[in-house]
Amino acid sequence: ASHLMMQLEKFDPSLNGMIDDCKAFSCWGTISGKNLKQIIVGRRGTFTIHSRNILNRPCPNGGEHWVVVLSPRGLATVHSPYLHNGGQPIHLVDPKVLDKKNGSYEVQYFAPTVAGRYDIHVTLNGVHLPASPIPLRVFPGPAIPVKTGRLNAEGTVMDPGQGSVPTTVQPGKLYKVLLQTMDDFGNHCTKSAKHITFAVGAPSDQVTTSPIVDLRN
């Protein structure tokens, strides 16, 4: 119907006076912003919805009820590869939609605290915007020293927040300590952490330490 109106208007410009140019149609709506593809856990994100009318022209004012929902991709819980125990229930705060009264709407949201894959759903009167749902990658935050934990042979975090190493050792035996860096919310960091050091208490002159190996995960 919208395409037909656009064609008819070319032959009869008087149709403009019969069209409500303030009424938005989701089929022509667009979005813009820098937080539409990826964001870090817990960070504040924003983007803008641009309303367009039946003739695919910008709406001059607001008043439409755009609905924005952020959800784990196809699941009630997100199976995060960044958590040692996998699936986690996600408690999301609904994004806020602010009517700018000029045909555009600013969306404000906070990224979930569990890293993983999500979708942003944008609808008007129950109909999705053409780009909706929009895939969103939520990445872990920076490594926090007090959250770092030691891993066992199976790769499970044994003691998050302790950063512990074997307290009893045997002379002449090689010990390997596997540490997992984590962000403030317990997500495993996937980017290399900088300036990691390893120190032995005493007597240091009797202990040989090898370089720290970054496993890139």
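What you see is a predicted model, and the numbers here were worked out from it, not measured in a lab.

Taking burial as the measure, the 7 residues of strand β4 (residues 66-72) include 5 buried ones, the bulk of the element. Where β4 and strand β9 (residues 116-124) come together, 7 bridges link them in antiparallel fashion. Its bridge partner being in β9, P72 is matched across the sheet by Y118.

Here the focus is the layout of surface pockets. Estimates place the volume of the second largest pocket at around 300 Å³. Taken together, 13 residues form the lining of the second largest pocket, with I40, F139, P140, G141 and K191 sitting closest to its centre. In terms of residue count, strand β2 (residues 38-40) provides more of the lining of the second largest pocket than any other element does, 3 residues in total. Partitioned by chemical class, the residues of the lining of the second largest pocket number 8 nonpolar, 4 polar and 1 charged.

Attention now moves to the side chain of S71. Assignment of secondary structure puts S71 in strand β4. Here S71 falls in the buried class, since its relative accessible area comes to 18%. One polar contact links S71 to H121, side chain to side chain, over a distance of 3.2 Å. For S71, the residues in contact, after removing those within four places along its chain, are L92, Y118, D119 and H121.

Moving on, we come to the nonpolar core. One finds F47, I49, I120, V122 and L136 to be the most contacted residues of the largest nonpolar core, which totals 24 residues. Examining the composition of this core, we find that 4 residues originate from one element, β9, more than from any other. Apart from residues lying up to four places away in sequence, I120 is in contact with N35, F47, V68, V69, L70, S132, P133, I134 and L136.

Cut-offs and rules
- Residues numbered from 1 in each chain as written.
- Predicted model: local features only at pLDDT ≥ 70, side-chain atom pairs only at ≥ 80, totals over all residues.
- Heavy atoms only, no water.
- Buried < 20%, exposed > 50% of the residue type's maximum accessible area, 1.4 Å probe, protein only.
- Helix = DSSP H or I, 4+ residues; strand = E, 2+ residues; numbered from the N terminus.
- Pairing = 2+ DSSP bridges.
- 1 Å grid on protein atoms, 1.4 Å probe; cavity = no way out; pocket = protein on both sides within 12 Å on 5 of 7 lines; lining within 4 Å.
- Points joined across faces, edges and corners; volume = space filled by probe spheres on them.
- Nonpolar A, V, L, I, M, F, W, Y, C, P; charged D, E, K, R; others polar.
- Polar contact = N/O pair within 3.5 Å; in protein donor to acceptor, adjacent residues only side chain to side chain.
- Contact = heavy atoms within 4.5 Å.
- Core = buried A, V, L, I, M, F, W, Y, C linked by side-chain atoms within 4.5 Å.

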